[in-house]
Structures are given as structure tokens and as C-alpha cells.
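Overview (structure and organization)
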Amino acid sequence: MTQHRRTIIDRDGASLAVTEAGGSGPAVLLLHGLAGSSRELMPTAEALVDRHRVLLFDQRGHGHSTRRPDDLSRDAFVADAVTVIERFAPDERVALVGQSMGAHTAFLLASRRPDLVSRLVMLEGHPAGSSDPQDAADLGAFFASWPLPFADVAAARAFLGDSPLSEAWIADLEQTPSGLRPRFDADVMQASITAVREPRWAEWESLAVPTTVVFAARGMFSAEQQAEPAARRPATRIQILPEGSHDAHLDAVESWIGTLREALA
């Protein structure tokens, strides 16, 4: 396994945990989804280091970055990613790869700073947002329902289950004096995803970088929703994985990585 190096940097009062996963060649920045962290994208990173220099970071409110930042706007998430690129890949255009909320951060960055981006790959991300505010409230309620702290991994698995997504959450739990706790807070997750729910078609249609949008067979988007990004921006390439859920980077790893490597070639 490639040796990873984590660096903590500061931007506007928030600490960001950046991981250099190694490799050489064109730089790639991987962006995780809501309630995740860089850890869950390490298998993806390992699959790319033969051709790319791979960077990851825990987005604000997640992982080893600042847990309760003052600013949870989309602008703040994008500015964090810009800072990481300018610090770790100066004078280079970087390929952006994001899943779900991370895909949303990635495409907003690409639309605003095409000078920093060589290409964009989105997994289960979408510009449409949601017209139902209850969606974000339901997610917040789910995370708030976790019976914390978990006494041990077995207790966490008994509540969360043993799906690939649950295992990723469990692997990210932090050992505290009182027990195991997630590296995020429910209210921060709700506020973060509320901002993602706003439609962003103007930014989408202005994208000027090569863009591939990847959906999974059992993902969260209907066939009509899967077609809409290309209908709104005809240069968009749509790829449908034959398997996998919204978290296909965890439960359809081989299909996801094969598609990603092709998109980055």
C-alpha cells in the first residue's frame, strides 16, 4: 500500500485535513460525500496512484477537519477545495472526482474556477437539488437517532447494520473516553446538505471542462433524473454502472474504478 501523508492546513478559521495518497502524474483531488471522510475513498485513491498523484481532504464538518465550522455554505466548501488545490498542486490543473455532496462541491468549483480544473467526474451527484426541505430534515433526524456513544464496534454494527456504507461509518468512528462516536454532528450534516438541495443549473450549464457523470443501477436518481444533466448540458458524458447503490464507491468498487479510470484517461 502506498504511504499516505496527512497535513492539517487552516483556511478562514477552519482546519482541513489533507491527505497526499502518493503516485505521480497528473493530479487528482477526491471529494467524499456527506457524513463521510477521505478514508472511504482510499480504495479509489489506491487504484489511481499508478497513473496519478492523488490528493484527498476531509471537507469541513467531517473527519479530521474542523467539526463545527462557522460557515457551512457551498461557497465555503468550494473555497476550501480551491485552497487545497492551490497549496498542493500549484500551477497545475487538477482532475476533480466527487461522490454525492463531494460531486456537488466539485462541479461548483469547476464552474467557478475552470483555470484550476482539467476535468470533472461526478459519482451520484446532481445539480437539480430538491424541492422538499423535509429531505434534509430527515437526514438530520437519522443521524441524531444514533444511540451515542456506541460501547464498541459490535454495538455500532448492531444499530447501523453491516452494509458497505455502515462499515465505512464504523471504520471512521472516533474512540472517546465515553465510547465510540462519529466524526461529525447531526445538525452540521443537516445544515450542510440543506445548502446542497438548492438547484444549481446556471453553474451546471456554464461548465467549460470535460465532464463525466456516473450513476449507479441502484442509486438515488431515476432514469429521467439521470438524463437531465446531459439534456441541460449536451457535452456531458453520462455513464451508468451496472450495479451499486448511491455509495457505489463502496459497494460496486470494481465497476466504479474501471469507469473512473476510463474517464480520467
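Residues numbered from 1 in each chain as written. Predicted model: local features only at pLDDT ≥ 70, side-chain atom pairs only at ≥ 80, totals over all residues. Heavy atoms only, no water.

Side note on the overall build of the chain
Put simply, the test is: Every helix listed is a DSSP run of H or I at least four residues long, and every strand listed is a run of E at least two residues long, numbered separately from the N terminus. Partly exposed describes any residue whose relative accessible area lies between the buried limit of under 20% and the exposed limit of over 50%, with all areas from a 1.4 Å probe on protein chains only and scaled to the type maximum. Counted as positive: Lys and Arg. Counted as negative: Asp and Glu, with His and the chain ends omitted from the count. To locate a charge, take atom NZ for lysine, CZ for arginine, CG for aspartate or CD for glutamate.
Counting secondary structure elements, the chain contains 11 helices and 10 strands. A principal-axis box enclosing the C-alpha atoms of the chain has dimensions of 50 × 40 × 35 Å. By the burial criterion, 55% of the 265 residues in the chain qualify as buried. Side-chain charges of the chain comprise 25 positive and 36 negative groups, with the mean position of each set lying 4 Å from the other.

Topic: the pattern of salt bridges
In plain terms, the rule: In the sections that follow, a salt bridge refers to a side-chain nitrogen of Lys or Arg positioned within 4 Å of a carboxyl oxygen of Asp or Glu.
Here the structure, examined in full by the defined rule, presents 20 salt bridges. Where Asp-50 meets Arg-261, a salt bridge forms, and the shortest distance between an N and an O atom there is 3.0 Å. With Asp-50 in the loop between helix 1 (42-48) and strand 4 (53-58) and Arg-261 in helix 11 (residues 253-264), this residue pair connects regions lying 211 residues apart in the sequence. Asp-50 sits in the exposed class, given a relative accessible area of 52%. Asp-185 is paired through a salt bridge with Arg-68; the nearest N and O atoms lie 3.0 Å apart. Residue Asp-185 is found in the loop between strand 8 (179-181) and helix 7 (186-196), and its partner Arg-68 is found in the loop between strand 4 and helix 2 (74-88); the two are separated by 117 residues along the sequence. A relative accessible area of 18% means that Asp-185 is categorised as buried.

Topic: the packing of aromatic side chains
For clarity, the cut-off: Geometry of aromatic contacts follows a simple scheme: Phe, Tyr and Trp rings, the Trp one being its six-membered ring, pair when their centres are within 6.5 Å, and the pair is stacked under 30 degrees between planes, edge-to-face over 60, tilted otherwise.
On inspection of all chains with the given rule, the structure shows 12 aromatic pairs. A ring pair is formed by Phe-142 and Trp-169, whose centres lie 5.9 Å apart and whose planes are at 40°; its orientation type is tilted. Placement of Phe-142 in helix 4 (residues 134-144) and of Trp-169 in helix 6 (residues 164-171) is noted, with a sequence separation of 27 residues between them. Exposure remark for Phe-142: the relative accessible area of 33% places this residue in the partly exposed category. Pairing Trp-146 with Trp-169 gives two aromatic rings, centres 5.3 Å apart and planes at 65°, and the pair type is edge-to-face. Of this pair, Trp-146 sits in the loop between helix 4 and helix 5 (153-160) while Trp-169 sits in helix 6, placing them 23 residues apart in sequence. Classification of Trp-169 by relative accessible area gives buried; the value is 12%.

Section: the sheet that holds strand 1 (residues 5-11)
The following threshold applies: When DSSP finds two or more bridges between two strands, those strands count as paired. Axis lines are fitted through C-alpha atoms, for helices just across the contact stretch, and the angle between N-to-C directions can take any value from 0 to 180 degrees. Any pair of residues with heavy atoms lying within 4.5 Å of one another is described as a contacting pair.
Pairing is mixed in the open sheet, where eight strands are placed in the order 1-2-4-3-5-6-9-10. Two strands close off the open sheet at either side, each with one partner strand: strand 1 and strand 10 (237-245). Along the sheet, successive strands turn relative to each other by an average axial angle of 20°, direction set aside. Of the pairings in the sheet, the one linking strand 3 (residues 27-31) to strand 5 (residues 94-99) comprises four bridges and is parallel in character. What sits directly across from Leu-30, in strand 5, is Val-97. Contacting strand 3, strand 5, strand 6 (117-123), strand 9 (211-218) and strand 10, helix 11 crosses the sheet at an angle of about 165° to strand 10.

Here's the deal with the packing of helix 4 against helix 7
Helix-helix packing is characterised by the crossing angle of the two axes and by the distance between the axes. What counts, and what does not: Under this scheme an angle from 65 to 115 degrees is roughly perpendicular, one under 35 degrees roughly parallel, and one over 145 degrees roughly antiparallel; angles in between are oblique. Take the far helix as your reference; a near helix turned counterclockwise from it by less than a right angle gives a left-handed crossing, and one turned clockwise gives a right-handed crossing. Amino acids outside the nonpolar list (Ala, Val, Leu, Ile, Met, Phe, Trp, Tyr, Cys, Pro) and the charged list (Asp, Glu, Lys, Arg) are all regarded as polar, and Gly is one of them.
At a minimum axis separation of 8 Å, helix 4 and helix 7 run at an interaxial angle of 160°. Taken as axis vectors, helix 4 and helix 7 run roughly antiparallel relative to one another. The handedness of the crossing between helix 4 and helix 7 comes out as right-handed. For the pair helix 4 and helix 7, contact is made by Ala-136, Ala-137, Leu-139, Gly-140, Phe-143 and Ala-144 and by Ala-186, Met-189, Gln-190, Ile-193 and Thr-194, respectively. By residue class, the composition of the contact of helix 4 with helix 7 is eight nonpolar, three polar and no charged.

Brief notes about the side chain of Ser-245
Rule in force here: What qualifies as a polar contact is a pair of N or O atoms within 3.5 Å, subject to a donor-acceptor requirement within protein and to the restriction that residues adjacent in sequence count only when both atoms come from side chains.
Among the structural elements, Ser-245 can be located in strand 10. Exposure remark for Ser-245: the relative accessible area of 14% places this residue in the buried category. Reaching out from Ser-245, the side chain makes a polar contact with the side chain of Asp-251 at a distance of 2.4 Å. Once residues lying within four places of it in the same chain are set aside, the contact partners of Ser-245 are Glu-124, Ala-216, Arg-218, Gly-219 and Asp-251.

Notes on the nonpolar core
Note the cut-off: What we call a nonpolar core is a set of buried Ala, Val, Leu, Ile, Met, Phe, Trp, Tyr and Cys residues that are connected through their side-chain atoms within 4.5 Å.
If you look at the biggest cluster of nonpolar residues, it comprises 34 residues, and the most contacted ones within it are Leu-29, Phe-57, Leu-96, Leu-109 and Leu-120. Residues within four places of Phe-57 in sequence aside, it is in contact with Leu-16, Ala-17, Val-18, Leu-29, Leu-30, Leu-31, His-32, Ser-38, Asp-80, Ala-81 and Val-84. If you look at the next biggest cluster of nonpolar residues, it comprises 25 residues, including Leu-30, Ala-47, Val-97 and Ala-263.

Things to note about the side chain of His-246
Relative to the helices and strands, His-246 resides in the loop between strand 10 and helix 10 (248-251). Excluding anything up to four places from it in sequence, His-246 contacts Gln-99, Ser-100, Glu-124, Arg-218, Gly-219, Met-220 and Phe-221.

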